[in-house]
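Summary of the model geometry
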Amino acid sequence: MYKEEILEHFKNPRNKGVIEKPSVRVSVKNALCGDAITLTLAIRGDKIEDIKFSGIGCALVTASASLLTEHLKGKSVKILNDINDTFVLKLLGGEITPARIGCALLPLKALKQIKK
Amino acid sequence: MIGAIRKDFPILSRRINNKKLVYLDNAATTQKPKAVIEAISNFYLNHNANIRRGVHTLSEEATAKFEEVYKKTAKFIGAKSVDEIIFGSGTTEAINMAAKCFENSCFWDKEGEIIVTEMEHHSNILPWMSILDRKENIFGFSNVKNLKVIRINKDGILDLDHLKSLLTSKTKIVAISHISNVLGTINPVKEIVKMVKENSSALVLVDGAQAVPHQKINVQSLGCDFYAFSSHKMLGPTGVGVLWCKKEILEKLPPFLFGGGMIEEVYFDKAVWADIPHKFTAGTSNISGVIGFGAALDYLEKTGLSLIEKQEKELVSYCIDSLSNIPGLTIYGPLDISKRGSVVAFTLFGVHPHDLASVLDSYGIAIRSGHHCAMPLHNKLGISATARASFYLYNTKSDIEALVAGIKKAKKIFKV
């Protein structure tokens, strides 16, 4: 589960921070462990110009948020409709134990609120 | 001795991720000895029937076995009478039961205040908030008034001067845990009860979920009014809990659950309740569970709680000494072993408790991580989660050595 890439994103998370005056701001909590994550996005036209995450999280939450934001930055907002659980797990690259899938998918849970 | 005890627990010989199981999550639930598992299967194989309802042989056998556990439970906690024992589904239900009955009784008035502590488990906070919340709220409580909270100091010990200052004629109930499920703090219940009774007319409820399994309890000498605990944290099955309540209080409480088995007479315009404790147990009880719990009590009596307590003290002391030597590791709660139960919560710098638990699991070591249903306490400590190792009678020093080795491996993986 703790592959080099995940640990590397945990240690040096990409897009960590908060966008001032964001177009969208969403937050989620994992009631089981108290982890909480906030995503802020700057959207111009239909392009995600910038996306950042903040909050507290374990290695999986942090790496997942880091990889996801890296993937989304600069893309069209339409991509938000295509991102699902399978995609995120693939992005993390492999075996996540059942008890930890909730951690891996926490940032996606926040993203899904945007679609609403 | 421990070798013989371990043989009674078949699950301890299981392998997890190709490693020997090291089970250190006993504060969540304990493993079950063969005697308990067999008592449950023997009941279903040979004696299953509903209790107190039939005149046939099976029903008589089931009733006798069930009633026997009332006696064992009363003796185990030093209750004055079996009539003071109410079986429910666990500590949570027991406290909810107490709160519901209390709310509708002569002991409560709408202007009353309730005192809890900063170290409480959610199940000893929320039932009381439900009494105090001023409006119906489908999504949560939003207007809780008159809940007072006893502070803890930096060592995780209750500030009794603060308690004293909170007690007034308005205080109606003081709800405290006997042993904290996170900090491990053993609260001085006797002293607290004395203080409450001297300064108010409040009742005292004690959440004993983390205490009864580990040390000899005598509810009469503690002096409290309610005491709640769970079977599954003391070798018994899940789905069984006990609410003990002083007879003179219990007699003044209305029932909270209505149905079969709790009545004397029913008409369409009136009903008369059964005597205590039956008026509090409507519906068919968890018969097999209670019988399994009886077998757990037998097992603990046979082993001896003083031996269990002594063994655990040694383990906790060894655990704290070993963990203290790991750089970057912070232990929460009192470091004075005499003030602490068999729970050690800690954090490791640079490794989230969930990640630590996952790494340990890959080595067959089971610990708990998260806020352990004590979110307000974690807020107070300024952290979102802790890792927690908790012990029971079958744990050994080598389990702690495995834990320490596992933590060192996690440090290596996370390069901290």
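Just so it is clear, the model here is predicted, and its values are computed rather than measured.

1. Some thoughts on the pairing of strand β4 (residues 85–88) of chain B
Residues and elements named next belong to chain B. Here β4 shows two buried faces, one formed by Ile85 and Phe87 and the other by Ile86 and Gly88. Bridge analysis of β4 against strand β10 (residues 241–245) gives four bridges, and the strand direction is antiparallel. Bridging across to β10, phenylalanine 87 finds its partner in valine 242.

2. Focus: the sheet that holds strand β13 (residues 329–331) of chain B
Strand pairing within a sheet occurs via backbone hydrogen bonds; the two strands may be parallel or antiparallel. Residues and elements named next belong to chain B. Across the sheet, which stays open at both edges, the four strands sit in the order β13-β14-β17-β16 with antiparallel pairing between neighbours. For this open sheet the edge positions go to β13 and β16 (368–370), each flanked by a neighbour on one side alone. On average, each strand axis in the sheet is inclined to that of its neighbour by 30 degrees, with strand direction left out of account. The pairing of β16 with strand β17 (residues 386–390) spans three bridges and is classified as antiparallel.

3. Side note on helix α12 (residues 353–362) of chain B
All names here are of chain B. Taking burial as the measure, the 10 residues of α12 include eight buried ones, the bulk of the element. For α12, the complete set of buried residues consists of Pro353, His354, Asp355, Leu356, Ala357, Ser358, Val359 and Leu360. Residue glycine 364 follows α12 closely and has a positive phi angle near 80 degrees.

4. Quick notes on the interface of chain A and chain B
Contact residues are listed per partner, giving 18 residues for chain A and 14 residues for chain B. Between chain A and chain B the total buried area reaches about 1200 Å² when both faces are included, carbon and sulfur atoms providing 57% of it. Of all residues in chain A, A:Tyr2, A:Lys11 and A:Cys33 bury the most surface against chain B, accounting for 35% of the area lost on that side. On the surface where chain A and chain B come into contact, there are two salt bridges. For the salt bridge of A:Arg100 with B:Asp355, the shortest nitrogen-to-oxygen distance reads 2.9 Å. Sorting the residues of the side of chain A that touches chain B by element identifies α1 (4–11) and α2 (59–72) of chain A as the ones contributing at least two each. The element that contributes the greatest number of residues to the side of chain A that touches chain B is α1(A), accounting for four residues. Residues that form the side of chain A that touches chain B fall into these classes: 12 nonpolar, two polar and four charged.

5. Re the domain arrangement of chain B
For interface size, the figure often reported is the accessible area lost on association. Residue and element names in this part refer to chain B. By the assigned domains, chain B splits into domain 1 (2–31 + 304–410) and domain 2 (38–301). Relative placement of domain 1 and domain 2: their C-alpha centres are 27 Å apart. The interface of domain 1 with domain 2 comprises 40 residues on the first partner and 32 residues on the second. One can count one salt bridge joining domain 1 with domain 2. Between lysine 380 and glutamate 118 there is a salt bridge, and its shortest N-O distance comes to 3.2 Å. Summed over the shared surface of domain 1 and domain 2, the result is 19 residue pairs in polar contact (both at pLDDT 80 or more). Every element with two or more residues in the side of domain 1 that touches domain 2 is listed here: α11 (305–324), β14 (343–348), α13 (375–381) and β17. If one sorts the elements of the side of domain 1 that touches domain 2 by residue count, α13 sits on top with six residues.

6. Focus on the environment of A:Glu49
Residue and element names in this part refer to chain A. Checked against the element boundaries, glutamate 49 lands in strand β3 (residues 47–56). Take glutamate 49: its relative accessible area is 42%, and that puts it in the partly exposed class. Setting aside residues up to four positions removed in sequence, glutamate 49 forms contacts with Ala42, Arg44 and Lys73.

7. Remarks on the UniProt feature "domain: NIF system FeS cluster assembly NifU N-terminal" (unreviewed entry) in chain A
The feature "domain: NIF system FeS cluster assembly NifU N-terminal" (unreviewed entry), as annotated in UniProt, sits at residues 1–113 of chain A in this numbering. For residues 1–113 of chain A, helix accounts for 37% and strand for 22%, while the C-alpha atoms at its two ends are 27 Å apart.

8. Describing the side chain of B:His378
Residues and elements named next belong to chain B. Mapped onto the fold, histidine 378 is located in helix α13. Classification of histidine 378 by relative accessible area gives buried; the value is 1%. At 3.0 Å, the side chain of histidine 378 and the backbone oxygen of alanine 374 are in polar contact. Looking at histidine 378, its side chain comes within polar contact range of the side chain of threonine 386, at 2.9 Å. When sequence neighbours within four positions are dropped, the list of residues in contact with histidine 378 reads Val182, Gly370, His371, His372, Ile383, Ser384, Ala385 and Thr386.

9. Considering the nonpolar core
Residue and element names in this part refer to chain B. The biggest cluster of nonpolar side chains holds 74 residues, and the ones touching the most others in it are Phe87 and Tyr227. Looking at this core, the element that brings in the most residues is helix α10 (residues 287–303), giving nine residues. Among the domains, domain 1 (2–31 + 304–410) and domain 2 (38–301) are the pair contributing at least three residues each to this core. Apart from residues lying up to four places away in sequence, tyrosine 227 is in contact with His178, Val206, Gly208, Ala211, Val212, Ile217, Val219, Leu222, Val242, Leu243 and Trp244.

10. Comments concerning a negative patch on the surface
A cluster of acidic residues, B:Glu248, B:Glu251, B:Glu264, B:Glu265 and B:Asp275, forms a negative patch on the protein surface. Residue position: B:Glu251 is located in the loop between α9 (247–250) and β11 (263–266).

11. Comments concerning the pattern of salt bridges
By the definition in use, this model includes 23 salt bridges over all chains. Residues B:Glu198 and B:Lys194 are paired through a salt bridge, measuring 3.4 Å at the closest nitrogen-oxygen approach. Taken as a pair, B:Glu198 and B:Lys194 lie in helix α7 (residues 189–199) at a separation of four residues, close to a single helical turn. The exposure class of B:Lys194 is exposed, given its relative accessible area of 54%. Salt bridges sharing partners connect three or more residues here, namely A:Glu8, A:Arg14 and A:Glu70.

12. Quick word on the UniProt feature "domain: Aminotransferase class V" (unreviewed entry) in chain B
UniProt's entry tags residues 22–403 of chain B with the feature "domain: Aminotransferase class V" (unreviewed entry), counted in the numbering of this structure. Along residues 22–403 of chain B one finds 37% helix and 16% strand; the C-alpha atoms at either end are 8 Å apart.

13. What to know about unusual backbone geometry
Residue and element names in this part refer to chain B. In the segment running from isoleucine 276 into proline 277, the intervening peptide bond is cis, with an omega of 0 degrees. Here proline 277 lies in the loop between β12 (271–273) and α10. Residues other than glycine seldom take positive phi values, yet leucine 235 does so here, at roughly 80 degrees. One can find leucine 235 in the loop between β9 (226–230) and β10. Phi is positive for histidine 372, close to 50 degrees, though the residue is something other than glycine. Residue position: histidine 372 is located in the loop between β16 and α13.

What counts as what
- Residues numbered from 1 in each chain as written.
- Chains lettered and ligands numbered in written order.
- Predicted model: local features only at pLDDT ≥ 70, side-chain atom pairs only at ≥ 80, totals over all residues.
- Heavy atoms only, no water.
- Buried < 20%, exposed > 50% of the residue type's maximum accessible area, 1.4 Å probe, protein only.
- Helix = DSSP H or I, 4+ residues; strand = E, 2+ residues; numbered from the N terminus.
- Pairing = 2+ DSSP bridges.
- Axes fitted to C-alpha atoms, helices over the stretch in contact; angles between N-to-C directions.
- Contact = heavy atoms within 4.5 Å.
- Buried area = accessible area lost by both parts, 1.4 Å probe.
- Salt bridge = Lys/Arg side-chain N within 4 Å of Asp/Glu carboxyl O.
- Nonpolar A, V, L, I, M, F, W, Y, C, P; charged D, E, K, R; others polar.
- Domains from an automatic or database assignment.
- Polar contact = N/O pair within 3.5 Å; in protein donor to acceptor, adjacent residues only side chain to side chain.
- UniProt positions renumbered as here; feature names shortened; annotations may be inferred.
- Core = buried A, V, L, I, M, F, W, Y, C linked by side-chain atoms within 4.5 Å.
- Patch = residues over 30% accessible without salt bridge, like charges linked within 9 Å, V, L, I, M, F, W, Y side chains within 5 Å.
- Areas by Shrake-Rupley, 256 points an atom, 1.4 Å probe, with all protein chains shown as cover.
- Lys, Arg positive; Asp, Glu negative; His and termini not counted.
- Charge placed at Lys NZ, Arg CZ, Asp CG, Glu CD.

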